[in-house]
Amino acid sequence: MKAVVFEGKSRMRVADENKPEAMGSKDAVLRVTTSAICGSDLHMYEGRTALPAGQMVGHEIMGVIERVGDAVTSIRPGDRVVLPFNIACGYCYNCHRGYTNMCLTMNEEGPHAAYGYAGMGPYRGGQAEYVLVPNADFNCLKVPGQPFDQWEDDFILLADVFPTGYFGAELAHVGPGKSVAIFGAGPVGLMAALSSRIKGASEVYVVDFIPERLEKVKELGATPINARDGDPVEQIVTLRANIPGLQGRLRPGEKDKLKGVDCVIDAVGYQARDDKDYAHEKSTQVLDNMVRIVNPAGHIGIVGVYIAPDPGAPTAQAKQGVFALPMAELFDKAVSVGMGQCPVKRYNEYLRDLIITGHARPGRIVSHHIRIDQAPEAYKKFDQRTDGYTKVLIQFPG
Ligand code: NAD
Ligand code: ZN
Ligand code: ZN
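Since this is a predicted model, take the numbers as computed values, not measurements.

(A) The arrangement of the overall build of the protein in detail. Of the regular secondary structure elements, the protein holds 12 helices and 15 strands. Across its three principal axes, the protein shows a C-alpha extent of roughly 70 × 45 × 40 Å. The long-range fraction of contacts in the protein, counting pairs at least 24 apart against all pairs at least 6 apart in sequence, stands at 72%. If you sum the accessible surface of the protein, you get close to 16,700 Å²; carbon and sulfur atoms cover 52% of it. The protein carries 43 positive and 47 negative side-chain charges, and their two centres are separated by 2 Å.

(B) Seen up close, the coordination of the zinc ion (ligand 3). Coordination sphere of the zinc ion (ligand 3), protein contribution only: Cys89 (SG), Cys92 (SG), Cys95 (SG) and Cys103 (SG), at 2.3 to 2.4 Å. Around the zinc ion (ligand 3) sit four donor atoms; with metal-centred angles ranging over 102 to 118°, the donor geometry is tetrahedral.

(C) Representation of the coordination of the zinc ion (ligand 2) in the model. For the zinc ion (ligand 2), the full set of protein donor atoms is Cys38 (SG), His59 (NE2), Glu60 (OE) and Asp160 (OD), and the range of their distances to it is 1.9 to 2.3 Å. For the zinc ion (ligand 2), the four donor atoms in the first shell make angles of 90 to 124° at the metal, so the coordination geometry reads as tetrahedral.

(D) Seen up close, the sheet that holds strand E8 (residues 179-183). Here six strands make up an open sheet; going across it, the order is E10-E9-E8-E11-E12-E13 and the pairing parallel. In this open sheet, the two strands that pair with only one neighbour each are strand E10 (223-226) and strand E13 (336-339). Across the sheet, the mean angle from the axis of one strand to that of its neighbour is 20°, orientation sign disregarded. Here strand E11 (residues 261-266) pairs with strand E12 (residues 294-302) via five bridges, running parallel. Within E12, the position partnered with Asp266 by the bridge is Ile302. With respect to the sheet, helix H6 (residues 211-219) is in contact with strand E9 (203-208) and E10, its orientation differing from that of E10 by roughly 160°.

(E) Up close: the site of ligand 1. As a structural note, the neighbourhood of ligand 1 is formed by 30 residues, with Ser40, His43, Asp208, Arg213 and Cys342 the closest of them. One of the side-chain N or O atoms of Asp208 is found 2.6 Å from an oxygen atom in ligand 1. Contacts to ligand 1 include Val303, whose backbone N or O atom sits 2.9 Å from a nitrogen atom. For ligand 1, whose unbound accessible area comes to 850 Å², protein coverage reaches 98%.

(F) Representation of the pattern of salt bridges within the structure. Across all of its chains, the model carries 19 salt bridges by this definition. With a shortest N-O distance of 2.6 Å, Glu170 and Lys199 are connected by a salt bridge. Taken together, the residues span a long stretch of sequence, with Glu170 in helix H4 (residues 161-171) and Lys199 in the loop between helix H5 (187-198) and E9 at a distance of 29 residues. For Glu170, a relative accessible area of 33% gives the class partly exposed. Exposure remark for Lys199: the relative accessible area of 14% places this residue in the buried category. Asp387 serves as the salt-bridge partner of Lys381, at 3.1 Å between the closest nitrogen and oxygen. Given a relative accessible area of 22%, Lys381 falls into the partly exposed group. One network of salt bridges, with partners in common, ties together Glu7, Arg11 and Arg13.

(G) Spotlight on the domain arrangement of the protein. If you check the domain split of the protein, you get domain 1 (2-160 + 343-395) and domain 2 (165-339). Taking the mean C-alpha position of each, domain 1 and domain 2 sit 27 Å from one another. At the junction of the two partners, domain 1 supplies 26 residues and domain 2 supplies 22 residues. When the two sides are added together, the surface that domain 1 and domain 2 hide from each other amounts to roughly 2,100 Å², 63% of it contributed by carbon and sulfur. The largest per-residue losses of area from domain 1 upon contact with domain 2 belong to Arg48, Ile365 and Arg385, which jointly make up 33% of the total buried on that side. The tally of links from domain 1 across to domain 2 stands at three residue pairs in polar contact (both at pLDDT 80 or more). For the side of domain 1 that touches domain 2, the secondary structure elements donating two or more residues are helix H1 (39-45), helix H11 (348-356) and helix H12 (375-384). Of all the elements, H1 adds the most residues to the side of domain 1 that touches domain 2, at three residues. Its residues assigned to classes, the side of domain 1 that touches domain 2 shows 13 nonpolar, five polar and eight charged.

(H) Representation of H5 within the structure. Counted at 1.5 Å a residue, the expected span for H5 with its 12 residues is 16 Å, and the 16 Å between its end C-alpha atoms agrees. Summarising burial for H5: 10 of the 12 residues are buried, a large majority. Turning to H5, its buried residues are Pro187, Val188, Gly189, Leu190, Met191, Ala192, Ala193, Leu194, Ser195 and Ser196. Buried residues along H5 sit in contact with H4, E8, E9, H6 and E11.

(I) The environment of Tyr389, seen in detail. Its place among the elements puts Tyr389 in the loop between H12 and strand E15 (392-395). Classification of Tyr389 as buried rests on a relative accessible area of 11%. As a C-alpha pair, Tyr389 and Leu287 span 102 residues in sequence and 25 Å in three-dimensional space. When near neighbours in sequence (up to four residues on either side) are disregarded, Tyr389 contacts Arg213, Ser367, His368, Ala378, Lys381 and Phe382.

(J) Representation of the environment of Ser40. With respect to the helices, strands and loops of the structure, Ser40 is situated in helix H1. As a C-alpha pair, Ser40 and Pro362 span 322 residues in sequence and 18 Å in three-dimensional space. Once residues lying within four places of it in the same chain are set aside, the contact partners of Ser40 are His59, Tyr117 and Val305.

Rules used throughout
Residues numbered from 1 in each chain as written. Chains lettered and ligands numbered in written order. Predicted model: local features only at pLDDT ≥ 70, side-chain atom pairs only at ≥ 80, totals over all residues. Heavy atoms only, no water. Helix = DSSP H or I, 4+ residues; strand = E, 2+ residues; numbered from the N terminus. Contact = heavy atoms within 4.5 Å. Areas by Shrake-Rupley, 256 points an atom, 1.4 Å probe, with all protein chains shown as cover. Lys, Arg positive; Asp, Glu negative; His and termini not counted. Charge placed at Lys NZ, Arg CZ, Asp CG, Glu CD. Donors = N, O, S within 2.8 Å, 3.2 Å for Na, K, Ca; no water. Tetrahedral: all angles 85-135°; square planar, octahedral: opposite > 155°, others 65-115°. Pairing = 2+ DSSP bridges. Axes fitted to C-alpha atoms, helices over the stretch in contact; angles between N-to-C directions. Near = heavy atom within 4 Å. Polar contact = N/O pair within 3.5 Å; in protein donor to acceptor, adjacent residues only side chain to side chain. Salt bridge = Lys/Arg side-chain N within 4 Å of Asp/Glu carboxyl O. Buried < 20%, exposed > 50% of the residue type's maximum accessible area, 1.4 Å probe, protein only. Domains from an automatic or database assignment. Buried area = accessible area lost by both parts, 1.4 Å probe. Nonpolar A, V, L, I, M, F, W, Y, C, P; charged D, E, K, R; others polar. Expected span 1.5 Å × (residues − 1).

Structure, rendered in structure tokens:
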């Protein structure tokens, strides 16, 4: 079968790999219909992880079940399923409490397991024609319909970015009437914007500097903030100050203290690349901006990935994965900060049902549908964020 494998820094290759055969009694084999490329894949692509050459990648996967082991009871051949990117056992201390992102039994070497990812266990990637699904009763989300129907683009986003964006909104305590600032209009930031709208936020600002992505922000009913037009924090403060009635509702003394927003989400994470037009101090600038824009007693949710070690990082601390947050200011403002990998299973049944009932169309952020042979080139363009590459789906029409 054809599969995308990591070859080295900035190099992916399409290789011939063995179809998964050996199968435990609790496992299943999935015939993949769609597998997406994720911003998280770029940490490996850009050479910031210890992923060995030749490893298959891809953790956003959906398709049709081909075979199941003897002990699998709830999933049958022919079922259409999406795979939450976290691989979990379902019975450990953390899984029981809903933290499938921190399953204690599926990866001997680290705190979490996933398909095709450095440090996340021995599981093969799903940017491939077939993938083995461990512990299939727990690790499949059943979805209705037929391959490549009107929902394919929506459902594939349930594997990761839609629940991850929603998780960012949960960590930031987004709720009805609240104001939200999101940094990053990649797929995760866009899904955080959609989720904030679903949760009833009154204002949703999304900061980026890529025109096509800012256009998608608008399509989702949120307010794009182009960081190239000036300090994004100042832009948000100015926009808020000019919303009719918003100032009038404040008491004397509140005005200067409530210029920012209630909820802030980091959907950027560690970015190694330097953008020549937008002189940002790499990711630390996002952290600084989040602290500047959050109101007292507000909440910050960090779903962008901060990864270490990165030998190419600009500072000795960043090399170790140490990024500064101004603790005194956060403490003074009584701001809470949450972060981590998304526990996909906690949300994706509800989010699936929003799609089925027509209340959410996350798939509108998909920019490209490609065949697997085009994957190496698509990685390059997605990494460089050129030609409108925003969310790329690798498809296997059979
Ligand atoms: P992405 O990496 O393309 O998105 C990042 C966006 O941030 C880009 O559009 C980029 O232009 C923008 N950006 C860069 N520097 C910026 C700055 N200083 N200010 C504002 N915007 C800036 O793709 P993505 O798939 O959206 O991934 C975003 C992050 O989320 C990555 O770090 C990824 O690893 C992470 N992620 C985390 C989880 C999780 O479970 N926590 C899951 C999926 C992805
Ligand atoms: Zn992903
Ligand atoms: Zn577990």
